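Chain residues, written in single-letter form:
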Amino acid sequence: MGLLILFLCPLFLKAQLTVPQIMQDQKWIGTSPSQVFWNYNSKSIYFMWNPDNNNSDSAYQYDLSNHKIEKLSYTDKQLARDISFGNYNTAKTKIAFIHDGDVFLLNVATGKMLRITQTTDEENSPAFLKDDNKIVYQLNDDLYAWDASTGATTQLTHFVKKQAPSNFEFQTEQQKWLDKEALQTSSVMKSRKEKADATKEFLKEHKDEKTLRTIYTGNKEVQNLMVSPDERFVTYNLYERNEDAKLTKVPTYVTTDGYVRDMTSRPKVGRPDDWSALYVFDKLKDTVIKVSTDSIPYITQVPEYKKHYSTDDTLPVIRKVVVQTVSWNDAGTYCIVDIFSLDNKDRWIMQLDPSTGALTLINHQHDEAWIAGPGIAWLDIANIGWINNNTIYYQSEVTGYSHLYAYNLDTRTGIALTNGKYEIQKAVLSKDKKYFYLITNEESPALQNIYRINVDGSEKIKLTSFKGGYEMNISPDGNHLAFRYSYQIKPWELYLQDLKPKAKPQQLTDKSMSAAYQSYAWRDTKIFTIKARDGADVYARMYEPKPGTKNNAAVIFVHGAGYLQNVDYWWSYYTREMMFNNLLADKGYTVLDIDYRGSAGYGRDWRTGIYRYMGGKDLDDEVDAARYLVKNLGIDSSRIGMYGGSYGGFMTLMAMFTAPDVFKAGAALRPVTDWAHYDHDYTSAILNEPFTDSIAYARSSPINFAAGLKNHLLICHGMVDMNVAFQDAVRLTQRLIELGKDNWQIAPYPVEDHGFVEPGSWTDEYKRILKLFDDNLLK
């Protein structure tokens, strides 16, 4: 039956798109290579692929010597993958890696592997120490070092998760007096105590080197455990989850045993902060130091938004921080730490003196909205590292766009390696530390290309020229570039190119577009800008109906995630929506898709345009887009609809509730209805916390504006959504009932999470959306 469907698809597509066709298992489109990485010897490229249309992807290898693609066994792929995650020694002649939970050593020149550990527990984080003869790794909560010259393994730390035994014995005033009297009245007792104290001090001074200090952690977890290259210092974070942080329950109604099962999701925004602190264990001095951040610059600075409230919160307090990264240079002479405030306003890159715990400022980044941007963390780890033993690199939005910077710790000077009104969306340092390879959008926010620059920022060379988007992988020997490339109507394919100026890329795969997919003339949409009410240029794409079919109705699609880019020339994350928009255009609708305020790809000011007011400038951009359709394309102002999922669902609700005269129908899919019920890390950055910035939450949450619903609303939500809980839709449902609203409906999907999986669910959802628009926009 499956073969029959695939055979018939081209015939159906040539006639007319239908919802069941485009919502079926997406393998019908074709297969794109994914998870691309290089073999350690730069002779092969590995990737996942499914050219035979099997149930799942398999591992493949492209051999540079014979130019052939061959299927790999699962075990060979896993070994190659594990090696690719390993760490090189300084000379780049050896790789330490984890495979099957054990530590291995690979000789790059010969390909020979040596198994270092063989335990039932799982080791992790292998790395070479300063002399390249030792490999340090973590087992459970402790560090161990293996010496290649002797084969011996030495335990470096001993953490114990319990309270430290007390060396203090409580004495009453009576006992203190009796002890003192005993020594005063007996020279023998006095002499014996003096000898005992001297023995204790002697043993302390002549402690056996094999004896490890026991570090008691209480109820706290050891995280980010690391040893300095000379083995003297061990840095680690102690972390304790706040047990008062209540987790969200997500009930599952359709189960294999017939009973309702509760799953646990994340806490809601405003949850109590977890506890975390950085420590340094000095093995030479046998001391443990807690690194204090209480006096770092600007630590007591009061965020601007608190000035809107007349409370004691405007008084300076020491803000809480988290140390995200600790990094040593290869020589072990410098250590840097990357610190972020929990209120998301500040980032400090600092030099750590491990012998004293003192911190010295290298770079301070502050944003009254929130610290983020490509390579700058927020929802990911920041891009920071060492160019050489005295110079670090990092990214910053100090100019309004994420760029690459270097700082020399010897001279205490920093320079910008890149600059301009564009973003460094990816920056990778070459293995030999001579070059940075960059993905930027400097030609247009809608276009990407790959560039190479020297580590001092000089001699920038453009390496690619295709119109679209890229993902890059540099070969370990620095001679080749493997990249995935896609265009807006052409899914990802794999290419190989020599790392030379004007080198021509070679396409390695060609299965991303099936005959069924290619049989339809997908719209190569026009990307342009719309002038917003405040003069800003909003990037947009349009799906236009064929000549003679325009029905003067329009639909605006709203992408999700908030901080995501969808108006660009590469293959969209929203493949089903792209095809659905083509279907709508075939029916005569004009479909518009914009990168509203808050979208990625446009720099700091665009990113933070939604700070403290989601549904403010971002919704203004959507309303201005609707007015553009009316003014410039003759769209009937009474026949405009909107749909979107997640953040796009939230935006649809805000549009239907607060701009009811602009939008006649809206489909809100898996929408956030009340931001006070969403995730902490995401929401607290944009809206602060509900109890510290109630204004932001009050004006940003659709449930507060449900009374404004006038036109036709469809809500679709998966009931096992682990991201935006189904509870959001339920609470809004109750609110609409209490308000006596009639022109709305809700479609629950009992087996679906935030991203639907079952083709039947996708089909049902989009049939409902199409009916909503046809019934209300074509009349």
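Parameters and conventions
Residues numbered from 1 in each chain as written. Predicted model: local features only at pLDDT ≥ 70, side-chain atom pairs only at ≥ 80, totals over all residues. Heavy atoms only, no water. Helix = DSSP H or I, 4+ residues; strand = E, 2+ residues; numbered from the N terminus. Rg over C-alpha atoms; globule rule 2.2 N^0.38 Å. Buried < 20%, exposed > 50% of the residue type's maximum accessible area, 1.4 Å probe, protein only. Contact = heavy atoms within 4.5 Å. Areas by Shrake-Rupley, 256 points an atom, 1.4 Å probe, with all protein chains shown as cover. Pairing = 2+ DSSP bridges. Axes fitted to C-alpha atoms, helices over the stretch in contact; angles between N-to-C directions. Phe/Tyr/Trp six-rings, centres within 6.5 Å; stacked < 30°, edge-to-face > 60°. Polar contact = N/O pair within 3.5 Å; in protein donor to acceptor, adjacent residues only side chain to side chain. Parallel < 35°, antiparallel > 145°, perpendicular 65-115°, else oblique. Nonpolar A, V, L, I, M, F, W, Y, C, P; charged D, E, K, R; others polar. 1 Å grid on protein atoms, 1.4 Å probe; cavity = no way out; pocket = protein on both sides within 12 Å on 5 of 7 lines; lining within 4 Å. Points joined across faces, edges and corners; volume = space filled by probe spheres on them. Salt bridge = Lys/Arg side-chain N within 4 Å of Asp/Glu carboxyl O. Expected span 1.5 Å × (residues − 1). Arc of directions from axis to C-beta.

1. Focus on the overall build of the chain
Summing up its helical and strand segments, the chain has 14 helices and 44 strands in all. In terms of overall dimensions, the chain is globule-like: its C-alpha atoms have a radius of gyration of 30 Å, near the 28 Å expected for 779 residues. Projected onto its principal axes, the C-alpha positions of the chain cover 110 × 70 × 60 Å. Within the chain, the fraction of its 779 residues that count as buried is 54%. Partitioning the intrachain contacts of the chain with sequence separation of at least 6 by distance along the chain shows that 57% fall at a separation of at least 24. Of the roughly 36,200 Å² of accessible surface on the chain, a fraction of 50% belongs to carbon and sulfur atoms.

2. What about the sheet that holds strand β10 (residues 134-139)?
Pairing in this open sheet of 4 strands is antiparallel, and the strands run β9-β10-β11-β12 from one edge to the other. Of all the strands in the sheet, the pair left with one neighbour each is β9 (123-128) and β12 (153-155). Averaged over all neighbouring strand pairs, the angle between strand axes comes to 25°, with direction disregarded. Judged from the 3 bridges that link them, strand β11 (residues 142-147) and β12 form a sheet pairing that is antiparallel. If you follow W146 over to β12, its bridge partner there is T153.

3. A few points about the packing of aromatic side chains
Taken as a whole and assessed by the stated rule, the structure comprises 48 aromatic pairs. Judged by centre distance (5.9 Å) and plane angle (45°), the rings of Y647 and W675 are tilted. Placement of Y647 in helix α10 (residues 647-658) and of W675 in the loop between β42 (665-669) and α11 (680-687) is noted, with a sequence separation of 28 residues between them. A residue is classified by how much of its surface remains accessible, and Y647, at 2% relative accessible area, is buried.

4. Re the side chain of H559
Inspection of the secondary structure puts H559 in the loop between β39 (554-558) and α7 (575-586). Taking the relative accessible area as the measure of exposure, H559 reaches 0% and is therefore buried. Engagement of the side chain of H559 in a polar contact is seen with the backbone oxygen of L564, the distance being 3.2 Å. Sequence-distant contacts of H559, defined by excluding residues within four places in its chain, comprise L564, N566, Y574, I594, D595, Y596, S599, Y647 and G648.

5. Remarks on the packing of helix α9 (residues 617-633) against α10
Packing of α9 against α10 brings their axes to within 10 Å, and their N-to-C directions diverge by 70°. The pairing of α9 with α10 is recorded here as roughly perpendicular in orientation. Of α10, the residues touching α9 (which contributes D618, L619 and E622) are Y647, F650, M651, M654, A655 and T658. The residue makeup of the contact of α9 with α10, split by class, is 6 nonpolar, 1 polar and 2 charged.

6. Some remarks on the sheet that holds strand β8 (residues 113-115)
Sheet architecture is open: 4 strands sit in the order β5-β6-β7-β8, paired in antiparallel fashion. Sheet topology places β5 (87-88) and β8 at the edges, where each strand pairs with a single neighbour. Judged from the 2 bridges that link them, β5 and strand β6 (residues 94-99) form a sheet pairing that is antiparallel. Bridge pairing links Y88 to I95 in β6. Contacting β6, β7 (102-107) and β8, helix α3 (residues 74-84) crosses the sheet at an angle of about 125° to β6.

7. Focus: the environment of P750
Mapped onto the fold, P750 is located in the loop between β44 (744-749) and α14 (759-777). For P750, a relative accessible area of 35% puts it in the partly exposed group.

8. Thoughts on α11
Most of α11 is tucked away: 7 of the 8 residues are buried. Two or three places before D681, at the start of α11, stands the capping residue D679, its side-chain oxygen 3.3 Å from that residue's backbone nitrogen. Looking one or two places after α11, you find N688, whose phi comes out positive at around 65°.

9. Here's the deal with empty space enclosed by the protein
Per the counting criterion, the structure on display carries 1 cavity of 30 Å³ or more. One number sums up the size of the largest cavity: a volume of about 90 Å³. Sorting the residues of the lining of the largest cavity by element identifies β38 (537-543) and α7 as the ones contributing at least two each. Tallying contributions element by element places α7 first for the lining of the largest cavity, with 3 residues. Class assignment of the residues belonging to the lining of the largest cavity gives a composition of 6 nonpolar, 5 polar and 4 charged.

10. What about the pattern of salt bridges?
The tally for this structure, following the rule as stated, stands at 40 salt bridges. Residues E738 and R735 are paired through a salt bridge, measuring 4.0 Å at the closest nitrogen-oxygen approach. Placement of the pair is E738 and R735 together in helix α13 (residues 726-738), with a separation of 3 residues, close to one helical turn. When its relative accessible area of 52% is taken as the criterion, E738 is described as exposed. Through salt bridges that share partners, D367, E397, R604, D605 and R607 make up one connected network.

11. Structural notes on α13
For an α-helix the count is 3.6 residues per turn, leaving residues at separations of three or four pointing the same way. Helix length check: α13 (13 residues) gives 19 Å between terminal C-alpha atoms against 18 Å at 1.5 Å per residue, within 8%. Those residues of α13 that fall on the buried side of the exposure criterion are F726, D728, A729, L732, T733 and L736. Each buried residue of α13 lies within a common arc of 150° when the element is viewed along its axis, so the set occupies one face. Looking at the buried positions of α13, the neighbouring elements they touch are α10, β43 (712-718) and β44. Of the residues trailing α13, G740 is marked for its positive phi of about 75°.

12. What to know about unusual backbone geometry
The phi dihedral of D132 is positive, around 65°, even though this residue is not glycine. With respect to the element layout, D132 can be found in the loop between β9 and β10. A residue is classified by how much of its surface remains accessible, and D132, at 14% relative accessible area, is buried. In this structure, A561 is a non-glycine residue whose phi angle is positive, near 70°.

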